[in-house]
Amino acid sequence: MYENIKIKLNKLKNNKAFELSVVAVIIISALEIGAKTFQLPDSAISVTHILDIFITLFFLFEISVRFIADDDKRNFFKKGWNIFDTLVVLISLIPINDSEMALLARLIRVFRVLRMISVVPELRVLINSLLKALPQLGYVILLMFIIFYIYAAIGSFIFNEINPKLWGDIAISMLTLFRIMTFEDWTDIQYETMEVYPMSWIFYLSFIFFTAFAFLNMVIGIVVNVMEDEHAKMRQETQEASNIPTIVDLHKEIHELKQIIKRNFPDS
């Protein structure tokens with residue numbers, strides 16, 4: 001009995017129509033949350049209340065289907081996305097009206113929009129790639145901070161008297177440099193200092209070269225490499241789930257065939 005239910009729920013979980021319905025409900029949830037930020041008539045408030053109950057029950061049903069249909073229930077909650085989805089659903093069950101946790105419940109309902117990431121595999125790959133790239137990005141960020149600190153100290157020493165609001169101390173100077181890196185009216189800052197120090201353009205152009213060009217390309221390169229690894233991993237998992245032999249499996253089979261040929265035909 002249980003196995004039949006499990007098979008049916010597994011088919012439902014892998015059904016494209018069911019996946020699209022989950023995405024549709026997430027979109028409706030996002031629209032419902034946005035609608036609540038406006039002043040609504042009483043009739044519209046009643047509709048949003050009914051929608052909220054429907055969305056909560058649908059998400060509860062969807063996470064139950066995924067849990068029952070999963071073959072490895074012991075490791076179901078070892079996956080980060082499953083934990084996130086379950087917490088969002090469980091906290092969404094907290095009644096909003098006349099509750100001390102009403103604010104928390106409303107905030108958690110906002111995070112239901114993030115369930116789009118756990119449902120869409122491509123979005124999941126993007127987030128996983130970004131998280132896995134963080135250790136490598138840490139060294140780039142550290143190096144960028146050192147460059148920021150050096151240039152902020154130089155700018156504070158040289159340009160302090162020109163405009164204390166932008167170069168008053170090293171902290172303010174770092175904020176000014178961030179503005180320059182993002183190209184937010186940075187030429188106004190440059191021309192202001194060039195009136196006193198005509199060669200100060202070297203300071204700005206060299207800083208932009210190091211940060212906006214060199215370091216940004218390094219960050220993009222790291223993230224792209226990790227994304228390629230994640231896509232390859234996802235393709236391999238898809239192949240394994242579909243019983244499609246991977247390149248590694250083919251190499252193993254070729255090696256085994258060679259060994260069989262050598263044993264059976266030693267003189268060949």
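Residues numbered from 1 in each chain as written. Predicted model: local features only at pLDDT ≥ 70, side-chain atom pairs only at ≥ 80, totals over all residues. Heavy atoms only, no water.

The chain has the name Ion transporter in an unreviewed UniProt entry, where Pseudoalteromonas agarivorans is given as its organism. The record in UniProt for the chain states the following under Subcellular location (unreviewed entry): "Membrane". (UniProt positions renumbered as here; feature names shortened; annotations may be inferred.)

Glancing now at the UniProt feature "transmembrane region" (unreviewed entry) in the chain. Those places that UniProt annotates as "transmembrane region" (unreviewed entry) correspond, in this numbering, to residues 20-38, 50-69, 81-97, 137-159, 166-182 and 202-226. Secondary structure over residues 137-159 splits into 100% helix and 0% strand, and the C-alpha atoms at its two ends are 31 Å apart. (Helix = DSSP H or I, 4+ residues; strand = E, 2+ residues; numbered from the N terminus.)

Per the stated rule, a full pass over the model turns up three salt bridges. Here E19 and K16 are joined by a salt bridge, their closest N and O atoms 3.7 Å apart. Of this pair, E19 and K16 both sit in helix α2 (residues 16-35), three residues apart, roughly one helical turn. The exposure class assigned to E19 is partly exposed, which follows from its relative accessible area of 31%. The partner of D85 in a salt bridge is R66, with the nearest N and O atoms 2.9 Å apart. With a gap of 19 residues between them, D85 in helix α4 (residues 80-92) and R66 in helix α3 (residues 42-69) connect regions that are remote in the sequence. Judged on exposure class, the residue D85 and its partner R66 are both buried. Each of E62, R66 and D85 takes part in a single network of salt bridges with overlapping partners. (Salt bridge = Lys/Arg side-chain N within 4 Å of Asp/Glu carboxyl O. Buried < 20%, exposed > 50% of the residue type's maximum accessible area, 1.4 Å probe, protein only.)

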